[in-house]
Amino acid sequence: MTIRITWLRAIVTLIGVGTLAMLFAWSGAVQISASSGHWRITDWFLHWVMRNSVRTYSAFQAPDDPLADTGLVSAAGHFRQACQVCHGAPGVRPSPVMQGATPPAPDLAQTAGEWRDRELFWIIRHGVKFTGMPAWPVSDRPDEVKHMAAFVRRLPGMTPRQYRALTQAAGERPLSGVAPGTLAGCTGCHGVDGKGRGQPDIPILGGQDPAYLLASLRRYASGERSSAVMQTAVSSLSDAEMQRLANHFSALPGLKPTILFSDLPMLKDQAGIPVPACVNCHAPGKAGPILAGQRSSYVAARLKGWQQEKAVVDARQSPETMAMIARRIPPSDVDSLAAAIGESSNKTANGPHHDPPR
């Protein structure tokens, strides 16, 4: 017997199959427990789709310079707080509870080498659906993503000793009212002396205005100030702990509010209009944070971050005061300005530079 296929029969068949699938899903018989795992063909298919998707989208959505080795300490600190529990780390096993997920988080020391640099950046920035891999919590800090991508790239060859060197600072003393683990999370990046362990992307906190430090911690906690690293670090802090930490770091030697910006260059924007002077807000007694003696690489990075990409339309750019001022500074003048208000004003404030382990 020959069955003739018509458009009507094909449509009815598709509707019937779809109805049966919906009834099966409605019945609750679909096994969705993590403990049941995937069929091998399902696991293969999902990973195949994921790899193809990462390869395609990373070719268009990842920058040409997806790695930045200048921020390994801050990246390692964030990895320890946010990623280590699932992925493990050199010398540290992942949580058995998190490994009970389907699929479990991979050991990056083994799998990082399977991905190109642009693909690592894309995965860290955007995450992966239907897994436990989240997107980067903030969308306007590609610098942080580059630091993390560079850190993950090094994991396959990193020893436990090198990992500890990146995430722990020696010589820490107890701080009343703050748990040792909480303080260790701060000093791991900012150093016991508050000078940022010599890292170019970490600011000097020693000597900073305590009111400014407290306000910054509160803004990170509320999400007003953008940084996945800092938002994660302060997410579990009480307001009392924030106050103690702000007072602790501000009391350390470092920045000196008595230094004036005597060698600031005269800045004008592209139209020749003077840019508001930094001393209007950052001089002693003013509302802005102390900048004299701040690490110039950090100042420059913040200014460049506020400037954003030229392709971003004005209506979508930040309306904050510093963002608007930064956009008026010619890009060619940013580094010289940062040097004038930073290290050149107080070369002894930064302490020695410590290269990350190779």
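In case you missed it, the structure is sitting above this.
This is a predicted model, so every value here is computed, not measured.

Caption draft 1: Representation of the overall build of the protein chain in the model. Each helix and strand in the protein chain was counted, giving 15 helices and zero strands. For the protein chain, the residues scored as buried account for 39% of the 358 residues in total. Considering only contacts in the protein chain between residues 6 or more positions apart, those separated by 24 or more positions represent 70%. Of the roughly 21000 Å² that the protein chain leaves accessible, carbon and sulfur atoms contribute 60%.

Caption draft 2: Layout of the pattern of salt bridges. In the structure shown here, the tally under the stated rule is 11 salt bridges. One salt bridge connects Glu-144 with Arg-141, and the closest N-O pair in it is separated by 3.8 Å. By relative accessible area, Glu-144 is classed as buried at 7%. Residue classification places Arg-141 among the buried positions, given a relative accessible area of 16%.

Caption draft 3: Local environment of the packing of helix H13 (residues 296-307) against helix H15 (residues 334-341). The geometry of H13 relative to H15 is characterised by a closest axis approach of 8 Å and an angle of 140 degrees between their N-to-C directions. When the interaxial angle is binned, H13 and H15 end up oblique. Judged by the sense of rotation from one axis to the other, the crossing of H13 with H15 is right-handed. For the pair H13 and H15, the contacting residues are Ser-296, Val-299, Ala-300, Leu-303, Lys-304 and Gln-307 in the first and Val-334, Asp-335, Leu-337, Ala-338, Ala-339 and Ile-341 in the second. Split into classes, the residues belonging to the contact of H13 with H15 amount to eight nonpolar, two polar and two charged.

Caption draft 4: Geometry of helix H6 (residues 142-154). Compared with an ideal rise of 1.5 Å per residue, which puts 13 residues at 18 Å, H6 spans 19 Å between its outermost C-alpha atoms and is within 8% of the ideal. Where burial is concerned, most of H6 is hidden: 10 out of the 13 residues are buried. Looking at H6, one finds that the buried residues are Glu-144, Val-145, Lys-146, His-147, Met-148, Ala-149, Ala-150, Phe-151, Val-152 and Arg-154. In the core, the buried residues of H6 are packed alongside helix H3 (72-87), helix H4 (108-111), helix H5 (117-126), helix H7 (160-167) and helix H10 (228-234).

Caption draft 5: How the structure looks around unusual backbone geometry. Each neighbour pair has its own omega, and for Thr-102 with Pro-103 the value is 0 degrees, a cis peptide bond. Examined against the element boundaries, Pro-103 turns out to sit in the loop between H3 and H4. Its identity as a non-glycine residue notwithstanding, Phe-130 has a phi of 65 degrees, on the positive side. Tracing the backbone shows Phe-130 in the loop between H5 and H6. Taking relative accessible area as the criterion, Phe-130 reaches 78% and is therefore assigned exposed.

Caption draft 6: Broad picture of a nonpolar patch on the surface. A cluster of nonpolar side chains, namely Trp-39, Ile-41, Trp-44, Phe-45, Leu-46, Trp-48 and Val-49, defines an oily patch on the protein surface of about 830 Å² accessible area. Summarising the element assignment, Phe-45 is placed in helix H2 (residues 40-61). Under the relative-accessibility criterion, Phe-45 is labelled partly exposed at 42%.

Caption draft 7: Inspection of H15 at higher detail. Every buried residue of H15 is accounted for by Val-334, Leu-337, Ala-338, Ala-340 and Ile-341. The arc enclosing the buried residues of H15, seen along the axis, measures out at 160 degrees, which places them on a common side. Tucked into the core, H15 has its buried residues touching H13.

Caption draft 8: The packing of H13 against helix H14 (residues 321-328), seen in detail. In contact at an axis separation of 8 Å, H13 and H14 are set at 90 degrees when each is read in the N-to-C sense. With respect to H14, the axis of H13 lies roughly perpendicular. Every residue of H14 that contacts H13 at Leu-303, Trp-306 and Gln-307 is listed here: Met-322, Ala-323, Ala-326 and Arg-327. Residues of the contact of H13 with H14, tallied by class, amount to five nonpolar, one polar and one charged.

Caption draft 9: Broad picture of the packing of aromatic side chains. This structure, assessed with the given rule, holds five aromatic pairs. Where Trp-44 meets Trp-48, the ring centres are 5.6 Å apart and the plane angle is 10 degrees; that geometry is what we call stacked. Taken together, the residues span about one helical turn, with Trp-44 and Trp-48 both in helix H2 at a distance of four residues. Using a relative accessible area of 45% as the deciding quantity, one classes Trp-48 as partly exposed. Aromatic side chains Phe-79 and Phe-151 sit 5.1 Å apart centroid to centroid with 55 degrees between the ring planes, which places their arrangement in the tilted category. In this pair, Phe-79 is assigned in helix H3 and Phe-151 in helix H6, connecting sequence segments 72 residues apart. We classify Phe-151 as buried; its relative accessible area is 0%. Geometry around Trp-115 places Arg-51 over its ring, the cationic atom sitting 4.5 Å from the centre. Seen from the ring of Trp-306, Arg-302 lies directly overhead, with NZ or CZ sitting 4.4 Å from the centre.

Caption draft 10: Inspection of the environment of His-47 at higher detail. One can find His-47 in helix H2. The class of His-47 is partly exposed, set by a relative accessible area of 32%. A distance of 3.0 Å separates the side chain of His-47 from the backbone oxygen of Asp-43, its partner in a polar contact.

Calculation notes
- Residues numbered from 1 in each chain as written.
- Predicted model: local features only at pLDDT ≥ 70, side-chain atom pairs only at ≥ 80, totals over all residues.
- Heavy atoms only, no water.
- Helix = DSSP H or I, 4+ residues; strand = E, 2+ residues; numbered from the N terminus.
- Buried < 20%, exposed > 50% of the residue type's maximum accessible area, 1.4 Å probe, protein only.
- Contact = heavy atoms within 4.5 Å.
- Areas by Shrake-Rupley, 256 points an atom, 1.4 Å probe, with all protein chains shown as cover.
- Salt bridge = Lys/Arg side-chain N within 4 Å of Asp/Glu carboxyl O.
- Axes fitted to C-alpha atoms, helices over the stretch in contact; angles between N-to-C directions.
- Parallel < 35°, antiparallel > 145°, perpendicular 65-115°, else oblique.
- Left-handed = near helix turned anticlockwise from the far one by under 90°.
- Nonpolar A, V, L, I, M, F, W, Y, C, P; charged D, E, K, R; others polar.
- Expected span 1.5 Å × (residues − 1).
- Patch = residues over 30% accessible without salt bridge, like charges linked within 9 Å, V, L, I, M, F, W, Y side chains within 5 Å.
- Arc of directions from axis to C-beta.
- Phe/Tyr/Trp six-rings, centres within 6.5 Å; stacked < 30°, edge-to-face > 60°.
- Lys NZ or Arg CZ within 6 Å of the ring centre and 35° of its normal.
- Polar contact = N/O pair within 3.5 Å; in protein donor to acceptor, adjacent residues only side chain to side chain.

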